[in-house]
Amino acid sequence: MSRVACLLALVVLVSPAADALDNGLALKPTMGWLHWERFMCNIDCDRDPNNCISERLYMQMADVMAKEGWKEAGYEYVCIDDCWPSYQRDAQGRLQADPKRFPGGIKKLADYVHSKGLKLGIYADVGKKTCAGYPGSLGYYETDAQTFADWDVDLLKFDGCNMDWTLLGEGYVNMSKALNKTGRSILYSCEWPLYEWPFQKPNYTAIREACNHWRNFNDVYDSWSSVKSILEWTASHQDVIVPSAGPGGWNDPDMLVIGNFGLSHAQQESQMALWAIMAAPLLVSNDLRDICPRSKELLQNKHIIAISQDPLGKQGYRTVKVDTFEVWERPLSKKRLAIAVLNMMEIGGPRGFFLRAVPGWKICDPQCNLTQVLPQYKELGVQTPHTNVVVSVNPSGTALLTVTPISGDFTGLSELYWEDTSVKRNHIIL
Ligand code: GLA
């Protein structure tokens, strides 16, 4: 198949998606902070009071988010992961926070986070126990949903450990119904497909109807090999997963690990660019109290966030692999296009890439306006299909660009890129 035929086939495959969970939430990919990758299950507050899983940690993150530009940039949810509860439920069978580490309780913490203009996320598990061995929600879906609603929680991450896989679907759907029944708007973040893939191909129509986002693949680690493995998994399953993404429901490739220890700056730029192209939730897991200025600037880059949050809500995908480069493209509103060019070489220096090799470059017929967003912001001006623009891409780095067609005279191919889908666009105005 020629490259254009391949692209056409993919574009047809990525067209229609099913109805989203109709709770009016996650109309754009969720943005916030989530404790897991950076803080894990550190419960030793005697030895490590600053970094242990305690109400203090979330209050301090909320303070920084409100004060240091994170909230303005769009980061809204402060999310608790595993290891927050007590090992025992209370006399009424309700989950309770560990009393030593959360002396004020979750309701007070939610009030605090709300007072900063932010939202609070919490974590539970569809099975008997969480992945770290705390009480699971099996048998308690309605009780737990009501407890979270009573505490004024705004998001639930629902993990899938310690559950018979044949009951996963039923469990995730029942918790979705239980959350709905509380009458509170609680964003529902699932891990259903991740736990189902080892046994069968998940039903993404059903998943999209129940969840606001869903993890498909392994936990992210603080390393380039981990980020690369997530990108490779996503690209090699894009025909299955891309059609299910759209306003109200998103594929979740896991947290951003930017601002930690394992990624070079070029690799951090790649994670940020590709998470924007994939229309992924932007949930950072780092220490916002102590982050290097370059990583902070990258995470708060308004041009990249605008791509992530584009109102068309279509997930991008890999279109070409050539000469150890990967090209990923995402259709944007107003018939614009975002292009990411990744240099997969991990040796040598910056390498040049001819943009005319990008399939979507056709939208420059007769003319387009080109902007480079990464590694530096640059207006590259008016281009035609025949201009030879070369972008320079660092080893394991990414050049991120946006293309705006100048006249409305699109080719058939470009129309297909932006073809409307049957994704239910709850309350979306393009
Ligand atoms: C699983 C999830 C992670 C995290 C841990 C907590 O591994 O995939 O994101 O929530 O459990 O134990």
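Residues numbered from 1 in each chain as written. Predicted model: local features only at pLDDT ≥ 70, side-chain atom pairs only at ≥ 80, totals over all residues. Heavy atoms only, no water.

Peer 1: Break down the site of the ligand for me, with residues and values.
Peer 2: The local shell around the ligand consists of Trp36, Asp81, Asp82, Tyr123, Cys131, Ala132, Lys157, Asp159, Glu191, Tyr195, Arg215 and Asp219. At 2.8 Å, a side-chain N or O of Asp82 approaches an oxygen atom of the ligand. One of the side-chain nitrogen or oxygen atoms of Arg215 is found 3.3 Å away from an oxygen atom of the ligand. Taking 310 Å² as the accessible area of the ligand by itself, protein coverage stands at 92%. (Near = heavy atom within 4 Å. Polar contact = N/O pair within 3.5 Å; in protein donor to acceptor, adjacent residues only side chain to side chain. Areas by Shrake-Rupley, 256 points an atom, 1.4 Å probe, with all protein chains shown as cover.)

Peer 1: How would you summarise unusual backbone geometry if you had to cite specific residues and measurements?
Peer 2: Pro366 follows Asp365 through a cis peptide bond whose omega is 5°. As for its position among the elements, Pro366 is in the loop between β12 (351-354) and β13 (368-374). In the segment running from Leu374 into Pro375, the intervening peptide bond is cis, with an omega of 0°. Topologically, Pro375 is positioned in the loop between β13 and β14 (378-383). Unusually for a residue other than glycine, Cys83 sits at a positive phi of about 80°. Structurally, Cys83 is set in the loop between β2 (77-79) and α5 (105-115). Take Cys83: its relative accessible area is 0%, and that puts it in the buried class. Here Thr324, not a glycine, exhibits a phi torsion of approximately 60°, which is positive. (Helix = DSSP H or I, 4+ residues; strand = E, 2+ residues; numbered from the N terminus. Buried < 20%, exposed > 50% of the residue type's maximum accessible area, 1.4 Å probe, protein only.)

Peer 1: Tell me what's going on with the sheet that holds β13, and back it up with residues and numbers.
Peer 2: Read from one edge to the other, the open sheet built from 6 strands follows the order β9-β10-β11-β16-β13-β14, with strand pairing classed as antiparallel. If you trace the sheet from one side to the other, it starts and ends with β9 (317-322) and β14, each paired once. Mean inter-strand twist for the sheet, computed between neighbouring axes without regard to direction, equals 20°. Taken together, the 5 bridges between β9 and strand β10 (residues 325-331) define a ladder with antiparallel strand orientation. Along β10, the bridge assignment pairs Lys321 with Glu326. Across the sheet, helix α10 (residues 224-236) touches β9, β10 and β11 (337-343), and the angle it forms with β10 is around 60°. (Pairing = 2+ DSSP bridges. Axes fitted to C-alpha atoms, helices over the stretch in contact; angles between N-to-C directions. Contact = heavy atoms within 4.5 Å.)

Peer 1: Describe the packing of helix α6 (residues 141-150) against helix α7 (residues 168-182), listing the residues and the values that go with them.
Peer 2: Here α6 crosses α7 at 40°, and the two axes come no closer than 8 Å. When the interaxial angle is binned, α6 and α7 end up oblique. Read as a crossing pair, α6 and α7 show a hand that is right-handed. Residues Tyr141, Glu142, Asp144, Ala145, Gln146 and Ala149 of α6 form the contact with α7, whose participating residues are Gly171, Asn174, Met175, Ala178, Leu179, Lys181 and Thr182. Across the contact of α6 with α7, the residue classes tally to 6 nonpolar, 4 polar and 3 charged. (Parallel < 35°, antiparallel > 145°, perpendicular 65-115°, else oblique. Left-handed = near helix turned anticlockwise from the far one by under 90°. Nonpolar A, V, L, I, M, F, W, Y, C, P; charged D, E, K, R; others polar.)

Peer 1: Describe the side chain of Arg215, with residues and values.
Peer 2: Along the chain, the position of Arg215 falls in strand β6 (residues 213-215). With a relative accessible area of 2%, Arg215 lands in the buried category. A distance of 3.4 Å separates a polar side-chain atom of Arg215 from the backbone oxygen of Asn218. Excluding residues that lie within four positions of it along the chain, Arg215 makes contacts with Lys157, Cys190, Glu191, Pro193, Leu194, Asp252 and Asp254.

Purely geometric numbers; function is a separate question.
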